[in-house]
Every structure is written in C-alpha cells, then in structure tokens.
Amino acid sequence: MSRPLDELVDASNKVAEGDYSVRLEEKGPPEIYSLMRGFNSMAERLQVSDQERRNMLADVSHELRTPITVIQGNVEGILDGLYPADEARLKSILEETQVLSRLVDDLRTLSLAERGALRLKREPTNLAELIHDAVSGFESQAKEKDVKFQILLDDVEDANIDPQRVREVLTNLLSNALRYTPRGGEIKVWLTETGSGPTLGEIQGLESSVTISVEDNGPGIDSAVLPHVFDRFYKSGDSGGMGLGLSIAKYLVEAHAGKIWAESEMGKGTTISFTLTT
C-alpha cells in the first residue's frame, strides 16, 4: 500500500517542479489503481496544456513580428527620406495596424470567453439583413477568385442576439469558405427555421431556433482532422493565422445558447452550421 503512494508523492513533486512528462505504473488495489490512473490523466492534461501555451506564445510572437517589421521598416524609410509619405505607403502601414488590431481583439475575446466573462449586447436583429451585409464584405475578394455566393434564406422573425458577435461568427466562416473554395467555385449560405419548443414552461411561451450554414465546394477536411477544427490554437498544415477563428466562433455561438458543428467529406467540400435561439 505504501510503496505506490510513495511513488505518487515523488511524481507529484516532479509535476510541481514543472515536469509534466512523469507517469506512474497503474497498479495495486482498486483504490490505488484508480488514484494512479487519475494522476496520469491529470499529468497528461497538464502536459497538453503546457504545450498549447508554448505553441501559443510562439504563434503570437510570429504573428506580431511580421506586421511590426513592416510598420517599422516603412516608418523608418519615411523618416530617412527613402520612401515618400504617399497614399500607397501610408495605406500599407494602416493595413498592418489593422492586422495587429484583429490579433489583439481575437486574443481578448478568447480570454473573456474562457473566463466566462463574455457579455452579449442582445437586440432584435433581422438575420437576413445581417447575412447579406456579412456576405457583401467579401464580394470583392470573391470576384477576384471568380467565386459566386448563393444565399438561401427562409423568412424568419427577428432574433434577440448580439449582432456584432454573430457577424464575427459569419465573417470567420465566410473567410474560411472563401480561402478553400477553388477558382470558379461557389459558396452557399443558408438560413432555415429549425423548429420550436417550450422553454421553462408554457408561461414563457415557445422558443424558436434557426440554423445558419456556410457551405463551400473546396477540398474538404480529413475525417481525422474534423473533430479538432474548433479546438483553440488548432491549425491544419495549410491554414493561416493562429487557429483561433473557429474556436472563438464556438464560444460566441455557445454564449447565445446555440451549438456549432462541421460536416465535411474529402473532395466534396465543407459545411459549417450553427444554431441561434430567436
């Protein structure tokens, strides 16, 4: 009884010192075996979390370095008289500051969501108008790739949502769809009413929900990767950014008491859908 407990104490001390790779042999009576197994599970989660933290710091450093280098190089060139302070040069600097701003906003949103401190500013919102506005923001990029949008909208009532946050979700999904849709391809955006049911009782009436889907005809997502697309900091080999977009989208949808999911098949495109309570 005491030998495995001594091993557990030694392993705990190693974890306390930052060695998350330590594991115990799962043995002994049922109670001790369960304790050993629980320790190994805890150590494994700590190791994964620590690796994610290290990866995040590396990704943040990388993402910050590029725009800062561009801004610094342009400003120094202007001050030294090497570059003219013309519209093209200033526009380049502005674009890089916008990249920095988006990165900071993403990190702040993720931090608030993980702490449970994300607050929504709900208001009656016309979802059809919101979707059209979000799609219009990508029309110029779609035109460059010869990609067409097809918008299919049911006639639904206004939803009591945070329009800015839902727009963030849509923007992320549309951006991903446009990135992976081949030249000459098509992106479909759906809005469908998905039913209603009682909330906390008949006194409060019925609660309706809608589903918004963004479908592309890109290469699709491998079945081994699909379960991880909403994990924070998860990136496929050909994706850009820090791997925060879909994770933030998941937090924002869940803050609206909705759910989000992805369906995909290699060679047949990807559909990401989420529900909202209206």
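Residues numbered from 1 in each chain as written. Predicted model: local features only at pLDDT ≥ 70, side-chain atom pairs only at ≥ 80, totals over all residues. Heavy atoms only, no water.

With that settled, consider the overall build of the chain. Along the chain, the regular secondary structure elements total 7 helices and 7 strands. From first element to last, N terminus to C terminus, the chain shows the α and β order α-α-α-β-α-α-β-β-α-β-β-α-β-β. Computed over C-alpha atoms, the radius of gyration of the chain comes to 24 Å, more than 25% over the 19 Å expected from 2.2 N^0.38 for 278 residues, which places it beyond the range of a compact globule. Taken along the three principal axes of its C-alpha coordinates, the chain extends 70 × 70 × 40 Å. Taken across its 278 residues, the chain has 32% of its residues classed as buried. Across the chain, the fraction of contacts at a sequence separation of at least 24, relative to all contacts at a separation of at least 6, is 68%. (Helix = DSSP H or I, 4+ residues; strand = E, 2+ residues; numbered from the N terminus. Rg over C-alpha atoms; globule rule 2.2 N^0.38 Å. Buried < 20%, exposed > 50% of the residue type's maximum accessible area, 1.4 Å probe, protein only. Contact = heavy atoms within 4.5 Å.)

Here the focus is the pattern of salt bridges. For the structure on display, the rule yields 7 salt bridges. As a salt-bridge pair, Glu25 and Lys27 come within 3.9 Å of each other at their nearest N and O atoms. Using a relative accessible area of 30% as the deciding quantity, one classes Lys27 as partly exposed. Across the salt bridge formed by Glu254 and Lys250, the nearest N and O atoms sit 2.8 Å from each other. A residue pair is termed a helical-turn pair when its members lie 3 or 4 positions apart in one helix, as Glu254 and Lys250 do in helix H7 (residues 245–255) at 4 residues. Judged by relative accessible area, which is 31%, Lys250 ranks as partly exposed. Salt bridges sharing partners connect three or more residues here, namely Glu7, Glu25 and Lys27. (Salt bridge = Lys/Arg side-chain N within 4 Å of Asp/Glu carboxyl O.)

A word on the environment of Arg122. For Arg122, the location among the structural elements is in the loop between helix H3 (87–114) and strand S1 (123–125). In this structure Arg122 comes out as partly exposed when scored by relative accessible area, which is 38%. A sequence separation of 33 residues divides Arg122 from Asp155, and the C-alpha atoms of the two residues are 21 Å apart. Among all residues touching Arg122, those that are not within four sequence positions of it are Asn160, Ile161, Asp162, Ala255 and His256. For Arg122, the side chain forms a polar contact with the main-chain oxygen of Asn160, separated by 2.7 Å. (Polar contact = N/O pair within 3.5 Å; in protein donor to acceptor, adjacent residues only side chain to side chain.)

Turning our attention to helix H1 (residues 2–16). In a regular helix each residue adds 1.5 Å, so 15 residues correspond to 21 Å; H1 covers 21 Å between its end C-alpha atoms and thus fits that length. Turning to H1, its buried residues number three or more, namely Pro4, Leu8, Ala11 and Val15. Along H1, the residues classed as buried sweep out an arc of 70° about the axis, all on the same side. Every exposed residue of H1 that faces more than 90 degrees away from the buried side is listed here: Ser2, Arg3 and Ala16. (Expected span 1.5 Å × (residues − 1). Arc of directions from axis to C-beta.)

Formed by 41 residues in total, the largest nonpolar core has its most connected members in Leu127, Leu170, Phe274 and Leu276. With 7 residues, helix H6 (residues 163–180) is the largest single contributor of residues to this core. Membership of the second largest hydrophobic core comes to 9 residues, among which are Ala11, Val22, Met36 and Ala43. (Core = buried A, V, L, I, M, F, W, Y, C linked by side-chain atoms within 4.5 Å.)

With that settled, consider the pairing of strand S6 (residues 260–264). For S6 and strand S7 (residues 270–277), the ladder comprises 5 bridges, and the chain directions are antiparallel. Across the sheet, Ser264 pairs through a bridge with Thr270, a residue of S7. Hairpin geometry of S6 and S7 is characterised by an intervening segment of 5 residues between the two adjacent antiparallel strands and by a positive phi of about 85° at Gly267. (Pairing = 2+ DSSP bridges.)

In the structure shown here, the tally under the stated rule is 0 aromatic pairs. Lying across the ring of Tyr83, Arg89 places its NZ or CZ 4.0 Å from the centre. If you follow Lys259 out to its NZ or CZ, it ends over the ring of Trp261, 5.4 Å from the centre. (Phe/Tyr/Trp six-rings, centres within 6.5 Å; stacked < 30°, edge-to-face > 60°. Lys NZ or Arg CZ within 6 Å of the ring centre and 35° of its normal.)

Turning to the packing of H6 against H7, a few remarks are in order. In the contact formed by H6 and H7, the axes pass within 9 Å of each other and the chain directions differ by 145°. Crossing of H6 against H7: the hand is left-handed. Counted together, Arg165, Glu168, Val169, Asn172, Leu173 and Asn176 of H6 and Gly245, Leu246, Ala249, Leu252 and Val253 of H7 form the full contact between these two elements. Counted by class, the contact of H6 with H7 contains 6 nonpolar, 3 polar and 2 charged residues. (Axes fitted to C-alpha atoms, helices over the stretch in contact; angles between N-to-C directions. Left-handed = near helix turned anticlockwise from the far one by under 90°. Nonpolar A, V, L, I, M, F, W, Y, C, P; charged D, E, K, R; others polar.)

Next up on the list: the confidence of the model for the chain. On average, residues of the chain score 85 in pLDDT, and 91% of them are at 70 or above. Throughout residues 197–206 the model reports pLDDT below 50, and contacts reaching past four residues in sequence, or to other chains, amount to 9 contacts. (pLDDT = per-residue confidence, 0-100.)

Right, let's get into the environment of Asp10. Its location among the elements puts Asp10 in helix H1. Sequence separation between Asp10 and Val166 is 156 residues, and the spatial gap between their C-alpha atoms is 49 Å.

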